[in-house]
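In case you want the letters, here they are:
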Amino acid sequence: MDIKTDQFQELSKKALTDGHLQQALQNLGAHIQAMRNSAFSLLDNPENLREQAHNIKRETLDRLDEYLEHLEKNVMRSGGQVHWARNASEARRLIETIALDKGVKTVVKGKSMVTEEIALNKGLIAHGIEVSETDLGEFIIQLAGEPPSHLIGPALHKTKEQIAELFSEKLGAKPMKDPQEMTTFARKALRQRFLEADMGITGVNFAVAETGSIVLFENEGNIRLSTTLPKIHVAVMGIEKVIPSLDNLDVFLKLLPRSATGQKLSSYISIITGPKRDGERDGAEEFHLVILDNGRSKILADEDLKETLCCIRCGACLDFCPVYLKIGGHSYGWVYSGPIGSILTPQLTNRKQAHQLPYASTLCGVCAEVCPVKINIPRILIALRQRYVEDSEWGKPNSVLEKGAVALYACTMRNRWLYEKVSRMARIVQIPFIKRGGLRNLPPPLNRWSRHHEVAPLEKTFRDQWRRFSKK
Ligand code: SF4
């Protein structure tokens, strides 16, 4: 997928005027928030579970090298093969080589953000391999030639009318209105592809170091078909997906489906340990696990930012984010969107190009409140903003003038007497602007802010009003 993070402002403006998208986002917000909250209300002590999940992820990150070695050893012991990839191109090359060596002609894929991250489909297709996305949402956006717009619902930006049109244009379907009918149609279109596929490719929700197993959550059954029907199964994971033992899974079983889709449990949970053994009927004959770094070890080495790697890609922070719910996923310009995208993308891609993303937040904190692994996203957003204004390796540090303005602002906000004087002065300074038609066009550089906001004239300062009110 092309990286368009530098176009964040233009893409957001476009999204705000897209009626279909605005409707879809409004529906998503209302629906998924209620489902998530209701699923969490059934837990005895959700806070305790979130705390446990956070601790498991943090402690695993602290000994990540050990757990990854342990995982490798146990995958190999169960008959699987492990491949390490330093970056996206290495991962693509590895998977392409496996496919070409085995004469693979067709691939079925389960939904996987990490394969989007490494742009795997493009590489395979360039070698003449036919790739079919089998998750319904991914199937739709593959037909449309678009990137996913949400971690869990990749096609949620599309209305059912748009999907019906797409099916009829690309697959010759008759006009359809009923989503059930469309799902049945997609299911039939995919069934033959599963039966004919030479290779199945999936992501990994969790990789268990203790047993060498991978764990996959899904609702459609397509992942189970992708991992059992083709002879070869390739699973791709970022280094942060490892957990120490199967016991740890209990916490994530309760948290991930609730956070992702508002379900108590996903419809299918597969735990796969190596290829099928002698006498077993189901399963791939070959199992390959590709473990990807692609910038993650740099994040791991940074104490301020390391917590980013606790993410389990549930999408809850997107579903509650007031910014995401207005501009949708494509505005963020890469695979990961919403609050997690705002902190992850600048760390995994060209940081200078992604400099607008940490500012795509009101810092309201709802993302941290709903995150099942308690990632303090607002803290990381602020840490990133700080890097952009102070560190030339990240961005263009503030000029002396900007630093002076910020110091003056901080000084005013800390000093009650000064704050009162400045507020009074502002009331006088605003008069000529009000006379000229309002505060919409404050002088530069303030007009960059004021032309997008309704700025009410300062009638009386809060303190004046408070004094008057207290006297009554
Ligand atoms: S940051 Fe938290 S809420 Fe957001 S996707 Fe990751 S785990 Fe889910």
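A brief look at the structure comes next. Quick caveat, the model's predicted, so the values are computed rather than measured.

Now for the site of the ligand. Surveying the vicinity of the ligand reveals 13 residues, the closest of which are Cys 311, Cys 314, Gly 315, Cys 317 and Cys 371. Broken down by class, the residue content of the shell around the ligand amounts to eleven nonpolar, one polar and one charged.

A complete count under the given rule lists nine aromatic pairs for this structure. Between Phe 167 and Phe 185, the aromatic rings sit 5.5 Å apart at their centres with planes inclined by 35°, giving tilted as the arrangement. Of this pair, Phe 167 sits in helix H9 (residues 160–171) while Phe 185 sits in helix H10 (residues 179–196), placing them 18 residues apart in sequence. Judged by its relative accessible area of 0%, Phe 167 falls in the buried class. Each ring, one from Trp 334 and one from Tyr 336, has its centre 5.5 Å from the other, and the planes form 80°; the classification is edge-to-face. Its relative accessible area of 1% is what places Tyr 336 among the buried residues.

Turning our attention to the environment of Leu 265. Inspection of the secondary structure puts Leu 265 in the loop between helix H12 (246–261) and strand S9 (268–272). The contacts of Leu 265, once residues within four sequence positions are left out, are Leu 253 and Pro 257.

Attention now moves to the side chain of Thr 308. Structurally, Thr 308 can be placed in the loop between helix H13 (296–300) and helix H14 (316–320). Residue Thr 308 is classed as buried on the basis of its relative accessible area of 1%. Sequence-distant contacts of Thr 308, that is, excluding residues within four places in its chain, are made with Ile 299, Ile 340, Ile 343, Leu 344, Gln 347, Ile 375 and Ile 380.

A cluster of nonpolar residues, Tyr 409, Met 413 and Tyr 419, forms a patch on the protein surface that exposes about 330 Å² of accessible area. Relative to the elements of secondary structure, Tyr 419 occurs in helix H20 (residues 416–429).

Here we take up unusual backbone geometry. Positive phi is not limited to glycine here, since Asn 294 has a value of about 50°. The residue Asn 294 is located in the loop between strand S10 (286–292) and H13 in this model. Judged by relative accessible area, Asn 294 falls into the buried class, the value being 14%. One non-glycine residue with positive phi stands out, namely Lys 374, at about 55°. Here Lys 374 lies in the loop between helix H17 (366–370) and helix H18 (377–390).

Calculation criteria
Residues numbered from 1 in each chain as written. Predicted model: local features only at pLDDT ≥ 70, side-chain atom pairs only at ≥ 80, totals over all residues. Heavy atoms only, no water. Near = heavy atom within 4 Å. Nonpolar A, V, L, I, M, F, W, Y, C, P; charged D, E, K, R; others polar. Phe/Tyr/Trp six-rings, centres within 6.5 Å; stacked < 30°, edge-to-face > 60°. Helix = DSSP H or I, 4+ residues; strand = E, 2+ residues; numbered from the N terminus. Buried < 20%, exposed > 50% of the residue type's maximum accessible area, 1.4 Å probe, protein only. Contact = heavy atoms within 4.5 Å. Patch = residues over 30% accessible without salt bridge, like charges linked within 9 Å, V, L, I, M, F, W, Y side chains within 5 Å. Areas by Shrake-Rupley, 256 points an atom, 1.4 Å probe, with all protein chains shown as cover. Salt bridge = Lys/Arg side-chain N within 4 Å of Asp/Glu carboxyl O.

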